[in-house]
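Coordinate inspection notes
Letter by letter, the chains look like this.
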Amino acid sequence: MSGQGAQRLKVLLVDDELGYLEVLQKRMSKRNLEVTPVSSGTEAVRQARQQSFDVAVVDLKMEDMDGIEVLKVLKMMDPKMAVIILTGHGSEQAAREGMALGAFDYLTKPCELSDLLTRIYASQER
Amino acid sequence: MQTARVRPATYYRTLTRNLVLFVVVISLLPLFLTGAIILYQFKQAYQTKVEENLEVLLNKHRRTIDAFLVDRLADIRVLARSYTVPELENPALLKAKLNLLREEYNGVYVDLGLVDDKGAQVAYAGPYNLTGANYSTAQWFKQATGSEHFVSNVFAGLRGSPHFIVAAKKRFEGRDWLLKATIDFEAFNALVENIRIGETGFAFILNRQSEFQTKPRQEVILASGAWRELLQDPLDQGKVTIVERPDSLDREMIYAAAPLKNGQWIICAQQVVADAFVHLVQAQRAAIAIFVLGGLAIVVATLILARRLVRRIAEADEQKEAMNEKMIEAGRLASIGELAAGIAHEINNPVAIMVEEAGWIEDLMSDEGPLSEETLSEIQRAVQQIQEQGDRCKQITHKLLSFARKTDPTIKQVDINGLVGEVLGLVGQKSRYAGVKLETTLDKNLPRVAASPSELQQVLLNLVNNAVDAINAEGGTVSVTTSQENGRVRLSVSDTGIGIADANLARIFDPFYTTKPVGQGTGLGLSICYGIINKLGGEIKVTSAKGKGSTFTVILPARQDSAPAPTGAPQAGQS
């Protein structure tokens, strides 16, 4: 693991699957990331309004607000924020649409944590 | 076990029978009519011809006989005028004249005699000794004295054998004398005896009293009744009257009659109808034989053709049925495909959690030093989470598998409410992401219906899938309602979606008709639903208002003996 800077990276984790949020938060915290887990698009927007994040990891399919919508709003609020999209298998088309809207990259669920971390650090080295 | 796939054998038997009847009637009727008309016309023509022949024959012979009688009378009149009474009283002269006549006319004349006005035969030449015979009381003598010349009826007379008399009157010294000749009956008889018509026809002569003037044959006596009747009519002079009557042996006979000898005698002919019309009967037999054989050929050919045709139809039906099954299967796979994204995502989440929890355990165990109590319980929690998520995966795959297995057309007792639960479970994830609320209003006492569960499941899935798809991004509600009315089960799926344009409403059950974007709909779903419901003897209807939503209603006959199904489905408000 690299990037053990004095400043911990602030990650906004958006997914409506609570179990996933919980375990991902634990693992990422253990890897020295400051994780804010939220379970809905609305919550994500509220958190983004309160504080700034370096990276947002957004699930594409959620009930209240589509991942693409969240991406659009977050990008509008903070264009510097890197957004990484998590998508189900077979929804790559939507993910590519997200890329066109300014997402940094996308990963298909389930993914290796190491892959996710690589993308997160890569997004900070631009 | 009962399948509603192939049409029953009785259907094809009825089809064969109707085809055969139709073709046979259509082809035999004109044949029969043509044959009957031709036969009738032929019979008319033939009858006319037979009658004409008879008429010609009878007229010819009448003329011959009339001429014979006139000639005989003329002979006697010439003789009477050639000599005076005293000369004629000389038997030698009479004898010489008789011999002359017999030579000339081949023995037609039997004798000659001169009778005075008292009826006494004063001179006689011939084979009998009749000189001095008194005819004053004889019928012929009375009639003969009244006219210049006379031909008598046939009678036995004094000699006891049939003959008739030709006589001419001669005045001498204020007294009337009769020169008379007797005509040989056999010779006269030969004139008509030789008239033969066909196999059974012949002629004879009668007087007005129905007494035979020629030797009658056995057949004539059998027909005498008909003759007596015929003779009551006044026969036209010079005309031939023809009638058909049965004789006393009940044979149909043809009778012809024409007057002779100024209407005193009648020449008659008779013939058995079957003989007269022998050629007609032959033609009729030939025509009937052709009709029967032709008809038989038509019937046999029609039977063979109809069987062949119906077999083809049955094969085509089977093929169509097989195609239908394949189409239902294809439609089923298509609807599963539409669900696939939602279901993939549904299964991705628990899998992702399991992967992460496993990774988390790895993280915890890679820490240096002995595992603390706290770490152990964390590992325990993670393992439990993995188990829970595994169960979740299992449920999802079960749901999908229960639907993805091959279509089974077997008819069973289906609990519609249970089916609603299964299908909504399957569509749940998709509708959640689409912002669609699913609602159910189920009749707890709903009777079961006889149907294939997998086919009915497909109908419902198609309808619910379409309903969810009809709702746009702002979200809406899909309600599934079950109820019963008049022994029928009603299942309706309503949405608050975009509705269906009137122009499209008429076509929505057509195969391959879709308003969904290319690649998102096969256009088979509703057409398959229609086919399945139709096959079950039910109906499927749609009402729609543009912008307000649509309602699809399926009505199925309930099983008569069906008890309400125990409802295991959720009663309301899945979302």
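The structure contained in this document is the topic of the report that follows. Worth saying up front: this structure is predicted, and the values here are computed from it rather than measured.

Description of unusual backbone geometry
For the bond running from Lys109(A) to Pro110(A), omega is -10°, close enough to zero to count as cis. Mapped onto the elements of the fold, Pro110(A) is located in the loop between strand E5 (105-108) and helix H5 (113-124). The phi angle at Asn32(A) is positive, at roughly 70°, despite the residue not being glycine. By the secondary structure assignment, Asn32(A) is in the loop between helix H1 (18-30) and strand E2 (34-38). In this structure Asn32(A) comes out as partly exposed when scored by relative accessible area, which is 26%. Positive phi, normally seen in glycine, also occurs at Asn486(B), with a value near 50°. You can see Asn486(B) is positioned in the loop between strand E14 (476-485) and strand E15 (488-495). Take Asn486(B): its relative accessible area is 76%, and that puts it in the exposed class.

Quick notes on the interface of chain A and chain B
Each partner contributes residues to the interface: chain A has 21 residues there, and chain B has 22 residues. For the pair chain A and chain B, the two sides together bury roughly 2000 Å², of which 55% comes from carbon and sulfur. For chain A, the biggest contributors to the area lost against chain B are Arg27(A), Lys30(A) and Lys61(A); these three give 27% of the whole. The tally of links between chain A and chain B comes to seven salt bridges. Residue Lys26(A) is joined to Glu378(B) by a salt bridge in which the shortest nitrogen-to-oxygen separation is 2.7 Å. Across the chain A-chain B interface, the total number found is nine residue pairs in polar contact (both at pLDDT 80 or more). With eight residues, H1(A) is the largest single contributor of residues to the side of chain A that touches chain B.

Concerning the pattern of salt bridges
Applying the stated criterion across every chain, the model contains 24 salt bridges over all chains. Across the pair Arg175(B) and Asp116(B) runs a salt bridge, and its minimum N-O distance is 3.6 Å. You can see Arg175(B) sitting in strand E5 (residues 175-184) and its partner Asp116(B) sitting in the loop between strand E1 (109-115) and strand E2 (121-125), a full 59 residues away along the chain. Residue Asp116(B) is classed as buried on the basis of its relative accessible area, which comes to 9%. For the salt bridge of Lys118(B) with Asp117(B), the shortest nitrogen-to-oxygen distance reads 3.8 Å. Lys118(B) gets classed as exposed once you look at its relative accessible area, which sits at 58%. Assessed through its relative accessible area of 29%, Asp117(B) is described here as partly exposed. Through salt bridges with shared partners, a single ionic network connects Glu22(A), Lys26(A), Glu357(B), Glu378(B) and Arg381(B).

Notes on the pairing of E2(A)
Residue and element names in this part refer to chain A. Here strand E1 (residues 10-14) runs beside E2; their pairing, made up of five bridges, is parallel. Of the residues in E2, the one forming a bridge with Lys-10 is Glu-34. Considered for its hand, the β-α-β crossover made up of E1, H1 and E2 is right-handed.

What about a nonpolar patch on the surface?
A contiguous nonpolar patch, built from Val25(B), Leu29(B), Phe32(B), Leu33(B) and Ile37(B) and spanning about 470 Å² of accessible area, is present on the exposed surface. A relative accessible area of 47% means that Leu29(B) is categorised as partly exposed.

Section: the sheet that holds strand E8 (residues 241-246) of chain B
Residues and elements named next belong to chain B. Pairing in this open sheet of five strands is antiparallel, and the strands run E6-E7-E10-E9-E8 from one edge to the other. Two strands bound the open sheet, and with one partner strand each, they are strand E6 (196-197) and E8. Examined bridge by bridge, E8 and strand E9 (residues 252-260) share six bridges and lie antiparallel to one another. Each bridged residue has a counterpart across the sheet, and for Pro-246 the counterpart in E9 is Glu-252. Across the sheet, helix H1 (residues 9-82) touches E6, strand E7 (201-207), E8, E9 and strand E10 (265-272), and the angle it forms with E9 is around 35°. Packed on one face of the sheet, helix H5 (residues 185-193) meets E6, E7 and E10 and runs near 135° to E7.

Observations regarding empty space enclosed by the protein
All names here are of chain B. The final tally for this structure, using the stated rule, is two cavities of 30 Å³ or more. Lining the largest cavity are eleven residues, with Glu-193, Ala-203, Phe-204, Lys-215 and Arg-217 positioned closest to its centre. Of all the elements in the fold, those that place two or more residues in the lining of the largest cavity are H5 and E7. The residue inventory of the lining of the largest cavity, partitioned by class, reads six nonpolar, two polar and three charged. Empty space within the second largest cavity amounts to approximately 40 Å³.

Some points on the environment of His279(B)
All names here are of chain B. Assignment of secondary structure puts His-279 in helix H9 (residues 278-365). His-279 sits in the partly exposed class, given a relative accessible area of 49%. As for His-279 and Tyr-46, which are separated by 233 residues in sequence, their C-alpha atoms are 8.7 Å apart.

What about the packing of H1(A) against H5(A)?
Each pair of packed helices can be summarised by the angle the axes make with each other and by the distance between the axes. All names here are of chain A. The contact between H1 and H5 brings their axes to 12 Å, and the two run at 60°. Taken together, the axes of H1 and H5 lie oblique to each other. Crossing geometry of H1 relative to H5 is assigned as right-handed. Only Leu-113, Leu-116 and Ile-120 of H5 make contact with H1, whose side of the interface consists of Leu-24, Arg-27 and Met-28. Partitioning the contact of H1 with H5 into residue classes produces five nonpolar, no polar and one charged.

Here's the deal with the pairing of E5(B)
Residues and elements named next belong to chain B. Taking burial as the measure, the ten residues of E5 include seven buried ones, the bulk of the element. Inspection of the sheet shows E1 paired to E5 by six bridges, in the antiparallel sense. What sits directly across from Val-115, in E5, is Leu-178. Bridge count for strand E4 (residues 163-172) against E5 is ten bridges, and the pairing is antiparallel. By the bridge assignment for E5, Arg-171 is matched with Asp-176. As consecutive antiparallel partners, E4 and E5 are separated by two residues, and within that stretch Glu-173 has a phi angle of approximately 55°, a positive value.

As for the sheet that holds E5(A)
All names here are of chain A. A sheet is described by the order of its strands in space; here five strands give the open sequence E2-E1-E3-E4-E5, paired in parallel fashion. A strand with exactly one partner marks an edge of an open sheet, and here the two such strands are E2 and E5. Sheet twist, expressed as the mean angle between neighbouring strand axes with direction ignored, is 20°. Bridge analysis of E1 against strand E3 (residues 55-59) gives four bridges, and the strand direction is parallel. By the bridge assignment, Val-14 is partnered in E3 with Val-58. Set on the sheet, H1 makes contact with E1, E2 and strand E4 (82-87); between it and E2 the angle comes to about 175°.

What counts, and at which threshold
Residues numbered from 1 in each chain as written. Chains lettered and ligands numbered in written order. Predicted model: local features only at pLDDT ≥ 70, side-chain atom pairs only at ≥ 80, totals over all residues. Heavy atoms only, no water. Helix = DSSP H or I, 4+ residues; strand = E, 2+ residues; numbered from the N terminus. Buried < 20%, exposed > 50% of the residue type's maximum accessible area, 1.4 Å probe, protein only. Contact = heavy atoms within 4.5 Å. Buried area = accessible area lost by both parts, 1.4 Å probe. Salt bridge = Lys/Arg side-chain N within 4 Å of Asp/Glu carboxyl O. Polar contact = N/O pair within 3.5 Å; in protein donor to acceptor, adjacent residues only side chain to side chain. Pairing = 2+ DSSP bridges. Right-handed = clockwise from strand over helix to strand, strands pointing away. Patch = residues over 30% accessible without salt bridge, like charges linked within 9 Å, V, L, I, M, F, W, Y side chains within 5 Å. Areas by Shrake-Rupley, 256 points an atom, 1.4 Å probe, with all protein chains shown as cover. Axes fitted to C-alpha atoms, helices over the stretch in contact; angles between N-to-C directions. 1 Å grid on protein atoms, 1.4 Å probe; cavity = no way out; pocket = protein on both sides within 12 Å on 5 of 7 lines; lining within 4 Å. Points joined across faces, edges and corners; volume = space filled by probe spheres on them. Nonpolar A, V, L, I, M, F, W, Y, C, P; charged D, E, K, R; others polar. Parallel < 35°, antiparallel > 145°, perpendicular 65-115°, else oblique. Left-handed = near helix turned anticlockwise from the far one by under 90°.

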